[in-house]
Amino acid sequence: MTELKNNGAWRLTPLRLDSPDGAITEVFRCAPEDAFGRGIALTVTDGGSPMSLRDCTVYLAWSDRTGAWGTREFAPVDPVNGYFEVDFPGEMAANAPCDVRACIAIYATQGVVTTSREFVIHVRRPIISDEMAEADESLSIFAQAVVDLNTIEQEMAAKTSLWERAEKARADAEAARAAAEDDRASAEAARVAAEDARKGEFADWVANRDEVTLSYVDGETAVAAIEALF
């Protein structure tokens, strides 16, 4: 027996994307009560054959009539075969009932971005209203569960943002350390080169001094030899 949370085929609407400009005819629906239970099972193909998106990141981008918008990253279930899954974000249903405009955005590691044609996600009015939830304890528990799940999603998003900022700070610090190490190595190389040049100049000076001394001695010897003749 499979569990609901692991049964994407049951709760996710399949979407096969064979071309960025291919028409998307699938009908997508969700409601505030779904609490992350509905979403998209995406398969990206090329001429009907699975396309490898191993080094790509895939997002669901959306906006509604109020100007609210957002993105949700697909989970790379089997990226080599182009298969990804995403749950509809809770904030997308905040202004129900409404039709949400959406598209699939694929980001490659080289900075290439490809988006699909626009499609619509129908967000229906919640069946369970606040008044109903207040009148029935079981509905209150259900409504609270939806609120709790939305809260968890927001907290996870905040933690992810904090982690990303911390990771960027760590990467920046590492880059600064590497740059400082390069500067230190360059300075050390310059010091060694200057020391070698100093040693070379000193050796030249010693050699020149010895040559002058020898010339002086040879001159003294020659003078003494001439004086001996007289």
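For the structure itself, consult the block above.
None of these values were measured; they are calculated from a predicted model.

Asks: Before we go on, may I ask you to explain the overall build of the chain in this structure?
Replies: Along the chain, the regular secondary structure elements total three helices and 11 strands. Each helix and strand of the chain, placed in order from N terminus to C terminus, yields the pattern α-β-β-β-β-β-β-β-β-β-β-β-α-α. Looking at the 230 residues of the chain, the share that counts as buried comes to 22%. Contacts in the chain between residues at least 24 apart in sequence constitute 66% of all its contacts with a sequence separation of at least 6. A total accessible area of about 15,700 Å² is found for the chain, and carbon and sulfur atoms account for 57% of it.

Asks: What is the right way to look at the side chain of Thr 45 in this model?
Replies: Looking at the secondary structure, you find Thr 45 in strand 3 (residues 39-46). Leave out the neighbours within four places in its chain, and Thr 45 touches Arg 16, Leu 17, Asp 18, Pro 50 and Met 51.

Asks: For this particular structure, what's the right way to read the pattern of salt bridges?
Replies: Opposite charge on two side chains permits pairing when their charged atoms draw close. A full pass over the atoms with the stated rule returns six salt bridges. With its nearest N and O atoms 3.0 Å apart, the salt bridge here joins Glu 118 to Arg 101. Of this pair, Glu 118 sits in the loop between strand 10 (113-115) and strand 11 (119-123) while Arg 101 sits in strand 9 (residues 98-108), and the two are 17 residues apart along the sequence. Residue classification places Glu 118 among the partly exposed residues on the basis of a relative accessible area of 47%. Here Glu 195 ties to Arg 198 by a salt bridge, and the two come within 2.7 Å at their closest N and O atoms. Within this pair, Glu 195 and its partner Arg 198 are both found in helix 3 (residues 137-228), separated by three residues, close to a single helical turn.

Asks: Is there a simple way to think about the environment of Asp 55 in this case?
Replies: Along the polypeptide, Asp 55 turns up in the loop between strand 4 (49-50) and strand 5 (56-63). Asp 55 gets classed as partly exposed once you look at its relative accessible area, which sits at 47%. Each C-alpha atom of the pair Asp 55 and Ala 108 lies 6.4 Å from the other, and the pair is 53 residues apart in sequence. Setting aside residues up to four positions removed in sequence, Asp 55 forms contacts with Tyr 107, Ala 108 and Thr 109.

What counts as what
- Residues numbered from 1 in each chain as written.
- Predicted model: local features only at pLDDT ≥ 70, side-chain atom pairs only at ≥ 80, totals over all residues.
- Heavy atoms only, no water.
- Helix = DSSP H or I, 4+ residues; strand = E, 2+ residues; numbered from the N terminus.
- Buried < 20%, exposed > 50% of the residue type's maximum accessible area, 1.4 Å probe, protein only.
- Contact = heavy atoms within 4.5 Å.
- Areas by Shrake-Rupley, 256 points an atom, 1.4 Å probe, with all protein chains shown as cover.
- Salt bridge = Lys/Arg side-chain N within 4 Å of Asp/Glu carboxyl O.

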